[in-house]
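Architecture at a glance
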Amino acid sequence: MTPRCRNCAAALDAVFCDLGMQPIANGLLGPGEVDGPQTYYPLKPLVCRNCLLVQLPSVVAREESFNGSYPYFSGQSADWVRHCEAFVMQALVRFAPWHVLELGSNDGTLLRMFAERGCGEVVGVEPSGNVAEFARTQGVATVCDFFGRRLVESELWTPRWDLIVANNVLAHVPDLDDFVGGMTNALAPEGVVTIEFPWIANLVEQAQWDTIYHEHYSYFSLLAVQRVLGRRGLRIFDVEQIATHGGSLRVYACHQGAKQLTQAAVAHLLRDEGARRLHSLDTYEDFQAVPPAERKVALDVLADSPLRTAGYGAPAKGMTFLNYCGLGPETIEFLVDSTPAKQGKFTPGSRIPVLAPDALTKAIGRVLVLPWNWAEEIRAKIAKDCRWKPEILARPFA
Ligand code: JHZ
């Protein structure tokens, strides 16, 4: 059956790229599972000819990724924590919200800052049980569920939320209608929604194909996100470019008829996207050639080296990279990651052990930084903690 666009329901048949069959990126294996079977799913995003939304058909149910053992805790990066602090200060000054709701609130890193600065009602929604539980231990009120219209009804949320924060969550939503419809229903008449997402301009222009994995159902341009929100009652009134996750956009939206004036930045960025040919189907179809070309370069750099190599970080994007390149423990002996939930596990598919960062005291000649988006922070840590002074690599390799 031909899949349908999750924004506009047009038939989907144009390919963005094909990363083969891959396991779920955050499905790290325990020691008892490492020799057992693993399920692989096609990782082949398509692009809608009608609305240009790049998307993965929903072959993996959201419950398979977001469950009681989700290993990503956003507070592990000091740069991310600083990013949240800056955002919270800016949002407080600009919108002075009293009721703040965060969707995909993860470990509560961001919400705790709103609560500490005196907002009246601060609530998170996080479907992964272990992460939601951690957030509660940090004093952040967290509803453990998937957000959507049903949740808004069952929680009896009147349209009272002054600020709804959806940072790095819209991409994780298979049913955009239900999710955005829920935001529209919960938002106060003059409330503001902020949404951050990796900007597809960078994915296309900087070959960030490793950010494609089953958790990410959609990959947005400003035009695509404007169409998604617009069909469901929300108007984008401002946009900013931000540096996180390889270059993202933060959009500000309100009800269609709300008083917020639409800022010139919106038209300006749409024009910029047009000039980058992001409003043309060809740009997306041409991307198919990029991952095989980068894989070739990566293998030339990484394989057959006399240097013992380890990896820094076990991010989801690293799993796509390793599995697409076919790299395993014969090339990368181990990874280190500061997240306790990842340590002692093995990477899905590539089956490389994940250890605590102090394992890098071993005589390692080379370190591959898999979360290239935090390369500066990690380079500084390696320089400080690792007395062997290894060679440090991060993509792009060319
Ligand atoms: P990081 C995340 O993707 C998660 P991932 C998610 N899927 C999403 O949508 C995108 O972001 C946008 C470790 N680390 O942030 C922590 C250290 O060990 O690139 C993490 O495991 N030491 C929701 O998973 C990983 O690296 C450090 O000093 O690709 C970073 O993962 C630092 C800085 C990180 O996200």
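Residues numbered from 1 in each chain as written. Predicted model: local features only at pLDDT ≥ 70, side-chain atom pairs only at ≥ 80, totals over all residues. Heavy atoms only, no water.

1. As for the site of the ligand
The condition that has to hold: Whether a residue is near a molecule or strand depends on its heavy atoms: it is near if one of them lies within 4 Å of it. We define a polar contact as two N or O atoms separated by no more than 3.5 Å, with the added condition that, inside protein, one atom must be a possible hydrogen donor and the other a possible acceptor, whereas residues neighbouring each other in sequence contribute only through side-chain atom pairs. Using the Shrake-Rupley algorithm and a 1.4 Å probe, accessible areas are obtained, with residue cover drawn only from the displayed protein chains. Numbering of helices and strands runs from the N terminus, with a helix taken as a DSSP run of H or I at least four residues long and a strand as a DSSP run of E at least two residues long. Polarity classes work like this: nonpolar for Ala, Val, Leu, Ile, Met, Phe, Trp, Tyr, Cys and Pro, charged for Asp, Glu, Lys and Arg, and polar for all others, with Gly in that last group.
Near the ligand you find 24 residues, and of these Glu 215, Lys 317, Asp 337, Lys 342 and Lys 381 are the closest. Interatomic distance of 3.0 Å between a side-chain N/O atom of Tyr 213 and a nitrogen atom of the ligand. Here His 216 contributes a side-chain N or O atom positioned 2.8 Å from an oxygen atom of the ligand. Here the ligand has 730 Å² of accessible area as a free molecule, and 96% of this is covered by the chains. Residue assignment for the shell around the ligand shows that the elements contributing at least two residues are helix H12 (316-325) and helix H13 (375-385). No other element matches H13, which puts 3 residues into the shell around the ligand. For the shell around the ligand, a count of residues per class yields 9 nonpolar, 9 polar and 6 charged.

2. Some points on the sheet that holds strand S4 (residues 46-47)
Our working rule: Pairs of strands are assigned from DSSP output, requiring at least two bridges between the strands.
The sheet built from 4 strands is open, its strands ordered S1-S4-S5-S11 with antiparallel pairing. Here the strands that pair on one side only, and so sit at the sheet edges, are strand S1 (14-15) and strand S11 (218-219). Pairing of S1 with S4, which is carried by 2 bridges, proceeds in the antiparallel orientation. What sits directly across from Ala 14, in S4, is Val 47.

3. Some words on the packing of helix H11 (residues 290-302) against H12
Our working definition: Angles run from 0 to 180 degrees between N-to-C directions of axes, and those axes are lines fitted to C-alpha atoms, restricted for helices to the stretch in contact. The scheme is simple: roughly parallel for angles under 35 degrees, roughly antiparallel for over 145, roughly perpendicular for 65 to 115, oblique for anything else. The contact rule is simple, with two residues in contact once any of their heavy atoms fall within 4.5 Å.
Where H11 contacts H12, the axes come no closer than 10 Å and their chain directions differ by 85°. By the angle between their directions, the pair H11 and H12 is classed as roughly perpendicular. Along the contact surface, H11 presents Pro 291, Pro 292, Arg 295, Ala 298, Leu 299 and Leu 302, while H12 presents Phe 321, Tyr 324 and Cys 325. Its residues assigned to classes, the contact of H11 with H12 shows 8 nonpolar, no polar and 1 charged.

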